[in-house]
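Given next are the chains, with one letter for each unit.
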Amino acid sequence: MTKKIIGSIVLVAVFVYGIFFVTSGRPIFSISNPFQSNTVVQHKKPSELTIGVSLSTLNNPFFISIKDGVNETAKASGSKVQVYDGQNNTNKQSNDVEDLIQKKVDVLIINPVDSSAITPEVKSANEAGIPVITIDRSSDGGKVLSLVASDSREGGKMAADFMIKTLGQNAKIAELQGTPGASATRERGAGFDQTAKGHLDIVTKQSANFDRTAGLNTSENIAQAHPDIKGLFSQNDEMALGAVQALKSNEDVIIVGFDGSEDGMSSVKKGQMAATVAQKPKEMGKLAVRAAYDHFQGQKVAKNIKSPLELVVADKYK
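Residues numbered from 1 in each chain as written. Predicted model: local features only at pLDDT ≥ 70, side-chain atom pairs only at ≥ 80, totals over all residues. Heavy atoms only, no water.

Enquirer: Quick question: what am I supposed to make of the overall build of the protein here?
Expert: Across its full length, the protein carries 10 helices and 14 strands. When burial is assessed residue by residue, the protein has 49% of its 318 residues classed as buried. Long-range contacts, defined here as pairs at least 24 residues apart, represent 69% of the contacts in the protein between residues at least 6 apart. Within the structure as shown, the protein displays about 15700 Å² of accessible surface, and the carbon and sulfur contribution to it stands at 50%. (Helix = DSSP H or I, 4+ residues; strand = E, 2+ residues; numbered from the N terminus. Buried < 20%, exposed > 50% of the residue type's maximum accessible area, 1.4 Å probe, protein only. Contact = heavy atoms within 4.5 Å. Areas by Shrake-Rupley, 256 points an atom, 1.4 Å probe, with all protein chains shown as cover.)

Enquirer: Help me understand the pattern of salt bridges, please; the structure alone is not making it clear to me.
Expert: Where charged atoms from two side chains of opposite charge come close, those side chains can pair. By the definition in use, this model includes 16 salt bridges. The salt bridge partner of Lys-44 is Asp-106, with a shortest N-O separation of 2.4 Å. Within this pair, whereas Lys-44 is found in the loop between strand E2 (26-27) and strand E3 (50-55), its partner Asp-106 is found in the loop between helix H3 (90-102) and strand E5 (107-110), the two being separated by 62 residues in sequence. Comparing Lys-44 with Asp-106 shows no difference in burial state: the two are buried. Two residues, Arg-212 and Asp-263, come together in a salt bridge whose shortest N-O distance is 3.0 Å. Of this pair, Arg-212 sits in helix H7 (residues 212-225) while Asp-263 is found in helix H9 (residues 262-269), placing the two residues 51 residues apart along the sequence. For Arg-212, a relative accessible area of 28% gives the class partly exposed. (Salt bridge = Lys/Arg side-chain N within 4 Å of Asp/Glu carboxyl O.)

Enquirer: Quick question: what am I supposed to make of the packing of aromatic side chains here?
Expert: Scanning the model with the defined rule gives three aromatic pairs in all. Centroid distance Phe-62 to Phe-63: 5.1 Å. Interplanar angle 90 degrees. Geometry classified as edge-to-face. Under the relative-accessibility criterion, Phe-62 is labelled buried at 1%. Relative to Tyr-317, the ring of Phe-162 has its centre 6.3 Å away and its plane inclined at 85 degrees; by these criteria the two rings are edge-to-face. Of the two residues, Phe-162 is situated in helix H5 (residues 152-167) and Tyr-317 in the segment after strand E14 (310-313); the sequence distance between them amounts to 155 residues. (Phe/Tyr/Trp six-rings, centres within 6.5 Å; stacked < 30°, edge-to-face > 60°.)

Enquirer: Whenever I open this one, the nonpolar core confuses me. Can you help?
Expert: For soluble globular proteins, nonpolar side chains are generally found buried alongside one another. Membership of the largest hydrophobic core comes to 25 residues, with the highest contact counts inside it found for Ile-51, Ile-66, Ile-109, Ile-133, Ile-135 and Val-148. Mapped onto this core, the elements with two or more residues apiece are E3, helix H2 (61-77), E5, strand E6 (132-135) and helix H10 (281-296). At eight residues, the largest contribution of residues to this core is made by H10. Once residues within four sequence positions are removed from consideration, Ile-109 is found in contact with Ile-51, Gly-52, Val-53, Ser-54, Ile-133, Ile-135, Ala-288 and Val-289. Grouped together as the second largest cluster of nonpolar side chains are 24 residues, Ala-182, Leu-216, Val-244 and Val-268 included. (Core = buried A, V, L, I, M, F, W, Y, C linked by side-chain atoms within 4.5 Å.)

Enquirer: Mind showing me how you'd approach the sheet that holds E3 here?
Expert: One key point about sheets: their strands pair by backbone hydrogen bonds, in either a parallel or an antiparallel sense. Pairing within the open sheet is parallel, and its six strands lie in the order E4-E3-E5-E6-E7-E13. On the outer flanks of this sheet lie strand E4 (80-85) and strand E13 (304-306), each paired with one strand and no other. Strand-to-strand twist of the sheet, defined as the mean angle between neighbouring strand axes without regard to direction, takes the value 20 degrees. For E3 and E5, the ladder comprises four bridges, and the chain directions are parallel. Within E5, the residue paired with Val-53 across the bridge is Ile-109. Relative to the sheet, H10 contacts E3, E5, E6, strand E7 (146-149) and E13, its axis offset from that of E6 by approximately 165 degrees. (Pairing = 2+ DSSP bridges. Axes fitted to C-alpha atoms, helices over the stretch in contact; angles between N-to-C directions.)

Enquirer: Looking at this structure, how should I read the side chain of Thr-119?
Expert: Mapping Thr-119 onto the fold places it in helix H4 (residues 119-127). Among residues more than four places away in sequence, those in contact with Thr-119 are Ser-139, Asp-140, Gly-141 and Gly-142.

Enquirer: I keep staring at unusual backbone geometry and nothing clicks. Help me out?
Expert: Most peptide bonds take the trans form, and the phi angle of most residues other than glycine is negative. The phi angle at Asn-88 is positive, at roughly 55 degrees, despite the residue not being glycine. By the element assignment, Asn-88 lies in the loop between E4 and H3. At Asn-209, a position not held by glycine, the phi torsion is positive, near 55 degrees. Mapped onto the elements, Asn-209 comes out in the loop between strand E9 (200-207) and H7. Given the relative accessible area of 37%, Asn-209 is considered partly exposed.

So this is what it looks like as structure tokens:
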């Protein structure tokens, strides 16, 4: 018998043995995808769950509201919650999520600093059998149970439509972008830019990392380099509030934010900001926790859970 035939017989025998030989009702080994997470859901009551939460920063009222929504819903149902502040640092957030995985939380709710950088931790959670729900921003990789977010592209479009209507065709404007790599930065920018194309003249786009102080400094630089701008779109309210301080001597520049934070809404009410695309961050937190509860009750959870948007406009621009 040739070696080739012997080898084929041995291969078949090993295959059959591995698949069909059973000890105590279980196969000795099986062929499976090592990167595929366990899809069997263990049913648990809300009071039995520990929820791990990693937010990009807690130095922003928007994300504090998300945390409040999570805590309020969890407290009402008896769930335990552990919240980590990523401090807008990808390395810290990665370490925080790994720590939550080691603590064997039942579910992870993550608002990524960077949608790409968080991918390894999402995959680690998948391998540990811990479902992941992302909030406001997505993960570029790994298996996510659901993304709870507003339609950032639609929000960007709403902001651009307002500026076109208010400023007219070909008005010169600037754009403050968020953290590079964050899905919200990409999507809000895409919705705004695509709508503004051919209608507004975007003379510059600069990142201020969703931060108020950075928004102030960047807006000051923009005003010096482009003194003829008539509008500024900021991809969040924190940067917009920095722009309000930087441009307070130039009331002709309209500022449009995004988030609907408490400070942002107050600024719109005072007429300092022309408008903001308002989200409901506290509701996002609640929706994320409810999605976790549904999952552990064996219910199907939507891959995308939409949170509502509303354009809030200052009285003088209505």
